[in-house]
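Below, each chain spelled out in residue letters.
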Amino acid sequence: VTLATCNLNQWSLDFEGNLARTHQSCIQAKQAGASYRLGPELELCGYGCEDHFLEFDTFTHCWESLQTLLELGATDGLCCDFGMPVLHGGVRYNCRVICLD
């Protein structure tokens, strides 16, 4: 099993840039023959969002980024572990979202 770990230069609330860097890391992981790709904590929104975690838009944009990654085929043949915030039952969580195909 080949594991790809990613240390990405993500920026807080730079959803487009973070998405592009995350997608590129998936491409590189596939090119390296990885079967599992582990991304950094809160990679889709950036780590230092602070009070922006109180805004629903932060969660919405992260789900939109994840949807785009799936539509681009980032997880086709690659188990991807993405870091993003998730709102569930009115509670905010710092989560790992694992996707394959």
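This text follows the structure it describes.
Everything numeric here is computed off the predicted structure, so don't read it as measured data.

(A) Here's a closer look at the overall build of the chain. In terms of regular secondary structure, the chain is built from two helices and four strands. Secondary structure elements of the chain, listed N to C terminal, follow the sequence β-α-β-α-β-β. Taken over the C-alpha trace, the chain has a radius of gyration of 13 Å; the compact-globule value for 101 residues is 13 Å, and the two agree within 12%. C-alpha extents for the chain along the principal axes are approximately 40 × 25 × 20 Å. Looking at the 101 residues of the chain, the share that counts as buried comes to 43%. The long-range share in the chain, meaning contacts at least 24 apart out of those at least 6 apart in sequence, stands at 63%. When the accessible surface of the chain is split by element, carbon and sulfur atoms take 54% of a total near 5700 Å². Across the chain, the 5 positively charged side chains and the 13 negatively charged ones have centroids separated by 6 Å.

(B) How the structure looks around unusual backbone geometry. Positioned with a positive phi, Leu-42 is a non-glycine residue whose angle comes to about 50°. One can find Leu-42 in the loop between strand S2 (36-38) and helix H2 (56-71). With phi around 55°, Asp-101 is a residue other than glycine that occupies positive phi space.

(C) The pairing of strand S3 (residues 79-88), seen in detail. Counted residue by residue, S3 has eight buried out of ten residues, so it is predominantly covered. Looking at chain direction, S2 and S3 are connected through three bridges and run parallel. Bridge pairing in S3 places Leu-38 opposite Asp-81. For S3 and strand S4 (residues 91-99), the ladder comprises nine bridges, and the chain directions are antiparallel. Among the inter-strand pairings, Val-86 is bridged to a residue of S4, identified as Tyr-93. The turn joining S3 and S4, which pair antiparallel and follow one another in sequence, is formed by two residues; a positive phi near 60° is taken by Gly-89.

Reading the values: rules and limits
Residues numbered from 1 in each chain as written. Predicted model: local features only at pLDDT ≥ 70, side-chain atom pairs only at ≥ 80, totals over all residues. Heavy atoms only, no water. Helix = DSSP H or I, 4+ residues; strand = E, 2+ residues; numbered from the N terminus. Rg over C-alpha atoms; globule rule 2.2 N^0.38 Å. Buried < 20%, exposed > 50% of the residue type's maximum accessible area, 1.4 Å probe, protein only. Contact = heavy atoms within 4.5 Å. Areas by Shrake-Rupley, 256 points an atom, 1.4 Å probe, with all protein chains shown as cover. Lys, Arg positive; Asp, Glu negative; His and termini not counted. Charge placed at Lys NZ, Arg CZ, Asp CG, Glu CD. Pairing = 2+ DSSP bridges.

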